[in-house]
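Listed below are the residues making up each chain.
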Amino acid sequence: MPEEVLFKFERSMDRSEIASYLRTVADRLESDEDLVLEAADQNVTLSPPGRPTFEIKAERETSSSSSDGPGELSIEFELEWTEGAGEDGTSADGSLTIE
């Protein structure tokens, strides 16, 4: 399925700044409010359903010339749902712990 980027933001920042953004997202999700993303001339409003799919992915990206060299590490947090979907989301087995 083709992908359309509705909003993109990337900037180096302090861990405390990142935590503040993540806290705001968590607070909006918990209070069942829309997520409004704004940066420069971009903005998008998203309304996640009551049970979106939550995905966490940790990756190491290495250069194609050497798999033994230092890589770039990343962690991605993703909420996914079908546009216009109701409360039912996709359920998966297992649980998650973050410490």
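Along every chain, residues carry numbers that run from 1 in the direction the sequence is written. Thresholds applied to this predicted model are a pLDDT of at least 70 for local features of residues and 80 or more for the giving and counting of side-chain atom pairs; totals over whole chains, interfaces and linings are not thresholded and use all residues. With hydrogens and water excluded, all non-hydrogen atoms of the structure serve as input to the side-chain values.

## Considering the overall build of the chain
Secondary structure elements are defined from DSSP: runs of H or I of at least 4 residues count as helices, runs of E of at least 2 residues count as strands, and each element is numbered from the N terminus. Secondary structure summary: the chain contains 1 helix and 4 strands in total. The N-to-C order of helical and strand elements in the chain reads α-β-β-β-β. Categorising residues by exposure relies on relative accessible area from a 1.4 Å probe, with only protein chains included: less than 20% of the type maximum marks a residue as buried, more than 50% marks it as exposed, and the intermediate range marks it as partly exposed. Per-residue burial over the chain gives 7% buried out of 99 residues. Summarising the internal contacts of the chain: among those between residues at least 6 apart in sequence, 44% fall at separations of at least 24. Total accessible area on the chain is roughly 9,200 Å²; 46% of this is exposed by carbon and sulfur atoms. In what follows, residue pairs with any heavy atoms lying within 4.5 Å of each other are defined as contacts. The accessible surface values rely on the Shrake-Rupley method and a 1.4 Å probe; as for residues, cover is taken only from the protein chains in view.

## Here we look at a negative patch on the surface
Residues E3, E55, E76, E78 and E80 make up a contiguous surface patch of negative charge. Examining the composition of the negative patch, we find that 3 residues originate from one element, strand β4 (residues 72-80), more than from any other. Its location among the elements puts E80 in strand β4. Exposure above 30% relative accessible area and the lack of any salt bridge qualify a residue for a patch; like charges then connect within 9 Å, and the nonpolar side chains Val, Leu, Ile, Met, Phe, Trp and Tyr within 5 Å. Here, a salt bridge means any Lys or Arg side-chain nitrogen found within 4 Å of an Asp or Glu carboxyl oxygen. Neither His nor the chain ends is counted toward charge; the positive residues are Lys and Arg and the negative residues Asp and Glu. Just so you know, the charge point we use is NZ for Lys, CZ for Arg, CG for Asp and CD for Glu.

## A word on the pattern of salt bridges
Applying the stated criterion across every chain yields a total of 3 salt bridges. In this structure, R11 and E17 form a salt bridge, with 3.5 Å as the shortest nitrogen-oxygen distance. Close ionic contact of E33 with R28 constitutes a salt bridge, the shortest N to O distance being 2.9 Å.

## A closer look at the environment of L37
Locating L37 in the fold gives a position in strand β1 (residues 35-39). Residue classification places L37 among the partly exposed residues on the basis of a relative accessible area of 32%. Spatially, the C-alpha atom of L37 lies 7.7 Å from that of F7, the residues being 30 residues apart in sequence. Aside from chain neighbours lying at most four places away, what touches L37 is F7, Q42, N43, V44 and L46.

## Here we look at unusual backbone geometry
We note that D32 has phi near 60°; this positive angle belongs to a residue other than glycine. Judged by relative accessible area, which is 63%, D32 ranks as exposed.

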